[in-house]
Amino acid sequence: MHADHNQNSAVDPIIRFEKVTKIFGDLTVLRELDFEVGPQEKVTIVGPSGSGKTTILRVLMTLEKPNNGVIWVDGDPLWHEKKDGKLVEAKEKHLRKVRGKIGMVFQHFYLFPHMTALRNVTEAPIHVLKMPKGDAEERAKELLNKVGLSDKFEHYPSQLSGGQKQRVAIARALAMRPKVMLFDEVTSALDPELVGEVLNVIRELAEEGDMAMLLVTHEMGFAREVSDRVVFFDKGQVVEQGPPADIFDNPQSERTKTFFSAILRH
Amino acid sequence: MSELWNWGFVLEILPRLLGGLVVTVEATLVGFILAVVLGLFLALGRRSENPWISQPIGAIVEFIRSTPLLVQLFFFFFVLPRYGIRLPAFLVGTVALGLHYGTYTSEVYRAGIDAVDRGQWEAATALNFSPLRVWTGIILPQAIPPMYPALGNYLIGMFKESAQLLAITVTELMLTARVIGTETFRFLEPITMAGLLYFLISYPSALLVQRLEARYARRS
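For clarity, every value in this text was computed on a predicted model and none was experimentally measured. Each chain has its residues counted from 1, following the order in which its sequence is written. Following the order in which they are written, the chains are lettered starting with A and the ligands numbered starting with 1. Only residues with pLDDT of 70 or above have their local features reported here, since the model is predicted, and side-chain atom pairs are shown and tallied only from 80 upward, although totals for entire chains, interfaces and linings are computed over all residues. Hydrogen atoms and water are omitted, and side-chain values are computed over all heavy atoms in the structure.

So, on to the pattern of salt bridges. Every case where a carboxyl oxygen of Asp or Glu lies within 4 Å of a side-chain nitrogen of Lys or Arg is listed as a salt bridge. Under the definition given, this model contains 29 salt bridges over all chains. As a salt-bridge pair, A:Lys133 and A:Glu137 come within 3.8 Å of each other at their nearest N and O atoms. Placement of both A:Lys133 and A:Glu137 in helix 5 (residues 133-146) is noted, with a separation of 4 residues, approximately one turn of the helix. Throughout, exposure labels follow a simple rule: accessible area from a 1.4 Å probe, protein chains only, divided by the maximum for the residue type, with under 20% read as buried, over 50% as exposed, and the rest as partly exposed. Relative accessible area serves as the criterion here: at 55%, A:Lys133 is assigned to the exposed category. Within the structure, one salt-bridge network assembled from shared partners comprises B:Arg46, B:Arg47, B:Glu62, B:Arg65, B:Glu107, B:Arg110 and B:Asp114. The helix count covers DSSP runs of H or I at least four residues long, the strand count covers runs of E at least two residues long, and both are numbered beginning at the N terminus.

Here it is as structure tokens:
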């Protein structure tokens with residue numbers, strides 16, 4: 001069924017949502033959502049707050065369980081496993097297998113406060129990927145260098161600025177070599193003068209190109225610059241999507257127009 | 001007949017009292033280790049998503065917490081032998097002490113675990129750690145250090161309440177003092193000295209815990 005669905009596309013998407021619904025109490029946050037991300041594609045989700053953008057990332061990272069629908073990650077169902085040709089609810093073992101292809105950077109960093117920056121980055125490769133400690137440290141140092149923190153290996157999170165914490169968090173997620181990286185409003189908790197250093201790191205990653213990236217952000221200029229595709233999302237569904245220039249400069253739907261005119265007024 | 005303080009008598013009974021104190025300290029420490037280990041498992045059991053685990057453990061914890069230590073001591077020491085389970089008094093005493101205080105420490109763990117930011121769990125999931133590693137590597141190392149003052153207070157509480165072990169014939173400090181009293185018909189020195197020995201350990205320990213408390217209060 002999965003293969004049939006993709007007969008006409010050149011490459012299989014790395015992420016596919018099929019009629020995914022997520023309900024919190026009385027609120028339907030995702031409404032039979034169909035949505036795809038190609039391998040190496042950079043997709044930004046924009047939309048009003050409370051529209052469910054972050055929920056898309058959270059169900060992908062297995063932090064929230066969808067009520068209905070199927071999510072495919074690199075050809076495997078995420079929340080289901082195949083049993084006798086049917087999809088049944090996935091067990092933890094299956095979740096761990098598929099989840100490994102996805103990485104996430106959070107708005108509030110969530111660094112491990114009892115570990116140094118270096119150990120924040122080596123901990124999962126050592127204990128999850130079973131990488132030898134020496135290799136993990138070497139790789140962690142490379143990654144911390146890459147995000148501009150070569151002098152902060154032995155610092156604890158409490159000794160770092162918000163921008164530095166977020167860059168450690170990015171290195172930590174990269175260390176797991178995910179095929180898809182989720183960025184959940186990663187600059188929203190930062191002081192304005194620290195936003196740039198984090199966006200620069202993400203921009204660099206986008207330019208390298210190997211990883212698919214799915215971003216939720218309010219930095220519209222940045223979204224325009226790094227995205228292959230911008231998705232305008234509202235009330236649990238994709239309202240409109242396309243190349244950044246089309247969506248930002250020539251939106252078609254009334255809701256999109258209203259949203260952009262509202263945020264551009266500020 | 002009034003008694004006057006007799007230093008010679010104090011020196012004479014001191015070695016026996018110190019022997020009792022050693023038993024008190026041993027019972028406290030063994031009981032505390034039990035309480036700390038048991039408390040963790042009770043706290044984890046109560047958090048279990050399986051109601052067949054969480055409900056019975058919750059009921060046991062509430063029952064023990066709401067009844068005097070003496071009930072547990074007497075139950076293990078006087079009731080169990082009727083069913084063929086006969087255990088040495090010291091063992092019964094330390095197990096009852098550990099069990100009783102384990103229900104208190106389980107609440108300390110619960111609060112400590114709840115105080116860890118929800119985001120830590122989410123980051124741990126995102127990095128795909130195994131559930132065991134999430135507990136041992138990420139959650140407990142953050143939850144436990146802030147618990148030290150509360151655990152310290154329970155340790156001191158156990159040290160004092162271990163005197164109740166005299167009711168099941170453990171010759172700890174208090175029973176030793178009473179036996180000396182009944183043997184010599186002098187209670188003034190043995191009971192006073194027992195109190196003094198308790199104080200000499202409890203009070204400095206309490207000051208230490210206060211310093212720990214101040215340190216964690218400063219940090220948070």
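Now, onward.
A word on the pairing of strand 9 (residues 180-184) of chain A. All names here are of chain A. Counted residue by residue, strand 9 has 5 buried out of 5 residues, so it is predominantly covered. Alternating positions in strand 9 separate into two faces, Val180, Leu182 and Asp184 on one and Met181 and Phe183 on the other, with burial throughout. At least two bridges found by DSSP between two strands is the condition for calling them paired. Two elements, strand 8 (residues 102-105) and strand 9, share 4 bridges in a ladder whose sense is parallel. When the bridges of strand 9 are listed, isoleucine 102 appears paired with valine 180. In this structure, strand 9 lies alongside strand 10 (residues 212-216), joined through 5 bridges in parallel fashion. In the sheet register, leucine 182 faces strand 10, and the bridge partner there is leucine 214. Read as a crossover between parallel neighbours, the route from strand 9 over helix 7 (residues 192-208) to strand 10 is right-handed. A clockwise course of the path from the first strand over the helix to the second, judged with the strands pointing away from the viewer, identifies a crossover as right-handed.

The next point concerns the interface of chain B and chain A. Facing the 19 residues of chain B at the interface are 25 residues of chain A. The term buried area refers to how much accessible surface (probe radius 1.4 Å) is lost by two components on association, counted for both of them together. Buried surface at the junction of chain B and chain A, summed over both partners, amounts to about 1,800 Å²; 61% is from carbon and sulfur atoms. The largest contributions to the chain B side of the interface with chain A come from B:Glu122, B:Leu127 and B:Asn128, which together make up 34% of the buried area. Our enumeration of links across chain B and chain A arrives at 2 salt bridges. Here B:Arg133 makes a salt bridge to A:Glu123, at a shortest N to O gap of 2.8 Å. Only heavy atoms enter the contact rule, under which two residues are in contact if any of them lie within 4.5 Å.

All names here are of chain B. Residues qualify for a patch when their relative accessible area is over 30% and they have no salt bridge, like charges being joined within 9 Å and the nonpolar side chains of Val, Leu, Ile, Met, Phe, Trp and Tyr within 5 Å. Computed with a 1.4 Å probe, the accessible areas rest on the Shrake-Rupley method; for each residue, only the protein chains presented here act as cover. On the surface, Val30, Leu34, Ile85, Leu87, Phe90, Leu91 and Val95 cluster together into a nonpolar patch covering about 500 Å² of accessible area. Mapped onto the nonpolar patch, the elements with two or more residues apiece are helix 1 (7-47) and helix 4 (89-114). With 3 residues, helix 4 is the largest single contributor of residues to the nonpolar patch. Among the structural elements, valine 30 can be located in helix 1. According to the relative accessible area criterion, valine 30 is partly exposed, its value standing at 38%.

All right, on to the sheet that holds strand 4 (residues 68-73) of chain A then. All names here are of chain A. Sheet architecture is open: 4 strands sit in the order 2-1-4-5, paired in antiparallel fashion. In this open sheet, the two strands that pair with only one neighbour each are strand 2 (27-37) and strand 5 (76-77). Sheet topology places strand 4 next to strand 5; 2 bridges connect them, and they run antiparallel. Bridge pairing in strand 5 places tryptophan 72 opposite proline 77.

This next bit is on the sheet that holds strand 9 of chain A. All names here are of chain A. Across the sheet, 6 strands lie side by side as 8-9-10-3-11-12; this open sheet has mixed pairing. A single partner strand is all that each edge strand has here, and the edge strands are strand 8 and strand 12 (237-242). Geometrically, the sheet is characterised by an average inter-axis angle of 20 degrees between neighbouring strands, direction not taken into account. Helix 6 (residues 162-174) contacts strand 8 and strand 9 of the sheet and is inclined by roughly 175 degrees relative to strand 8. To obtain an axis, a line is fitted to C-alpha atoms, over the contacting stretch when the element is a helix, and the angle between two such axes runs from 0 to 180 degrees between their N-to-C directions.

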